[in-house]
Amino acid sequence: MDYKPEPEPLSESSELLFSFGVIADIQYADLEDGYNFQGNRRRYYRHSLLHLQGAIEHWNKESSRPRCVLQLGDIIDGYNAQYKASEKSLERVMNTFQMLKVPVHHTWGNHEFYNFSRDYLTNSKLNTKFLEDQIAHHPETVPSEDYYAYHFVPFPKFRFILLDAYDMSVLGVDQSSPKYQQCLKILREHNPNTELNSPQGLREPQFVQFNGGFSQEQLSWLNEVLTFSDRNQEKVVIVSHLPIYPEASDSVCLAWNYRDALAVIWSHKCVVCFFAGHTHDGGYSEDPYGVHHVNIEGVIETAPDSQAFGTVHVYPDKMMLEGRGRVPDRIMNYRKE
């Protein structure tokens, strides 16, 4: 039973500023229902598209329409690649997204890389970097082309940063490239298993092939953007397919170098929320620095009679996640200065 606090009496600070939608792990495929890797969770491959349609209809009808929607990665399932249906399935999902009356920001997860190379994704409709905002006279806040990350401002004094959690990964990279060799070396140093997707016996179970990490280059860029946001007194929301906080996630689902990402975030005051997908189960925890880590429940494991998406309502003093179906409501207060 989720405890829902009594609504606070309306005060000055409870004026709604704006809202945004969140949805994760759609993993559409034109396939009969199946099961997850462990065989204990049902996956509704075809129905995921209907769940997406339901979410879009809801967002389009909301009285204060969201400024944007964050799609947290794994938009189509890896099975599509086996059936040579990757492009067709992606097209079906993207056609569905065209019904949405606000911009959508796409994050890349492991299933994107099961279906497509990084080069393909860069030139596809899943690259929403054209929605980025530039900070004048601050070239250090411009992301490199070597990873898929950017930042944008949906409302004054609120900056959203989309991270590339597969910047360091063996997925979607040409196997002859130095980067592939470097990432494979990192993975093998931490995972001696023949099956690199298996966390069996690992001291750090996040070092599996279906996860990835953040390059030092990307983390330095993140640090620069957060430095600007601190100075500019902005509140920051970070978006990533992979979660980075152990208390909010199954440890086998974390980014390889989640500690490095946390160290950067914790050295700044501006970050209020970190949204991720990947776990399918969802999860939540507020860390000691007041950052709310929210993992959104996956559409793919959501029964036809339920739903899995949310709308986040942003106030001067807090964010309120209004969940649908499997996604619970959450109140996320900003830390007091």
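Further up the page is the structure itself.
Structure report, in brief. (Residues numbered from 1 in each chain as written. Predicted model: local features only at pLDDT ≥ 70, side-chain atom pairs only at ≥ 80, totals over all residues. Heavy atoms only, no water.)

1. Focus on the packing of aromatic side chains
Any two aromatic rings considered together are summarised by their centre-to-centre distance and by the angle between their planes. Applied cut-off: Any Phe, Tyr or Trp ring, taking Trp's six-membered ring, that has another such ring centre within 6.5 Å forms a pair; planes under 30 degrees apart are called stacked, those over 60 apart edge-to-face, and the others tilted. Three exposure classes are used, based on accessible area relative to the maximum for each residue type with a 1.4 Å probe and protein chains only: buried under 20%, partly exposed in between, and exposed over 50%. For a Lys NZ or an Arg CZ to count as sitting over a ring, it must be within 6 Å of the ring centre and within 35 degrees of the ring normal.
Scanning all chains against the criterion turns up 20 aromatic pairs. Pairing Phe116 with Tyr120 gives two aromatic rings, centres 4.5 Å apart and planes at 5°, and the pair type is stacked. Judged by centre distance (5.3 Å) and plane angle (55°), the rings of Phe152 and Phe160 are tilted. Across the pair, exposure class does not vary: Phe152 and Phe160 are buried alike. Taken together, Phe18, Phe20, Trp108, Phe113, Tyr148, Tyr150, Phe152, Phe155, Phe158, Phe160, Tyr166 and Phe275 form an aromatic cluster joined through their ring pairs. Positioned above the aromatic ring of Tyr315, the side-chain terminus of Lys318 is 5.1 Å from the ring centre.

2. Topic: the environment of His278
Quick note on the threshold: Strands here are runs of E lasting at least two residues and helices are runs of H or I lasting at least four, both read from the DSSP assignment and numbered beginning at the N terminus. Residue contacts are counted whenever heavy atoms from the two residues lie within 4.5 Å of one another. Whenever a nitrogen or oxygen atom comes within 3.5 Å of another N or O atom, the pair is scored as a polar contact, on the condition that within protein one atom can donate a hydrogen and the other can accept it, and that pairs from neighbouring residues in sequence are kept only if both atoms are in side chains.
Within the fold, His278 resides in the loop between strand E9 (271-276) and strand E10 (283-286). Accessibility expressed as a relative area gives 7% for His278, which makes it buried. His278 sits 130 residues away from Tyr148 along the chain, and the two C-alpha atoms are 17 Å apart. Beyond its immediate sequence surroundings of up to four residues, His278 is in contact with Asp25, Asp74, Asn110, Tyr166, Phe210, Asn211, His241, Leu242, Pro243 and Cys253. Within the structure, His278 has its side chain in polar contact with the side chain of His241 (distance 3.0 Å).

3. A word on the sheet that holds strand E13 (residues 318-325)
Two orientations exist for strands paired in a sheet by backbone hydrogen bonds: parallel and antiparallel. Which entries qualify depends on this criterion: For two strands to pair, DSSP has to find at least two bridges joining them. Lines are fitted to the C-alpha atoms to define the axes, a helix being fitted only along its stretch in contact, and any angle between axes, read from their N-to-C directions, falls within 0 to 180 degrees.
The mixed open sheet is built from six strands, whose spatial order is E5-E4-E1-E12-E13-E14. The open sheet has two edge strands with one neighbour each: strand E5 (104-106) and strand E14 (330-333). On average, each strand axis in the sheet is inclined to that of its neighbour by 20°, with strand direction left out of account. As paired elements, E13 and E14 share four bridges and run antiparallel to each other. In the strand pairing of E14, Leu321 is matched with Arg330. This element, helix H1 (residues 47-61), spans strand E1 (18-23), strand E4 (69-71), strand E12 (308-314) and E13 of the sheet and lies at about 25° to E12.

4. So, H1
Selection criterion: To estimate the expected span of a helix, subtract one from its residue number and multiply by 1.5 Å.
Spanning 15 residues, H1 covers 21 Å between terminal C-alpha atoms, matching the ideal 21 Å at 1.5 Å per step. For H1, the full list of buried residues reads Ser48, Leu49, His51, Leu52, Ala55, Ile56, His58, Trp59 and Asn60. Those residues of H1 that are buried are in contact with E1, E4, helix H3 (86-97), E12 and E13.

5. Brief notes about the packing of H1 against H3
We apply this condition: Roughly parallel covers angles under 35 degrees, roughly antiparallel covers those over 145, roughly perpendicular covers 65 to 115, and oblique covers all other angles. Take the far helix as your reference; a near helix turned counterclockwise from it by less than a right angle gives a left-handed crossing, and one turned clockwise gives a right-handed crossing. When residues are sorted by character, Ala, Val, Leu, Ile, Met, Phe, Trp, Tyr, Cys and Pro go into the nonpolar class, Asp, Glu, Lys and Arg into the charged class, and all the rest, Gly among them, into the polar class.
Where H1 meets H3, the closest approach of the two axes is 10 Å, and the angle between their N-to-C directions is 15°. Here H3 runs roughly parallel to H1, going by the angle between their axes. In terms of crossing hand, the pair formed by H1 and H3 is right-handed. Mapping the contact onto sequence places Leu49, Leu52, Gln53 and Ile56 in H1 and Arg92, Val93, Thr96 and Phe97 in H3. Looking at the contact of H1 with H3 residue by residue, the classes come out as five nonpolar, two polar and one charged.

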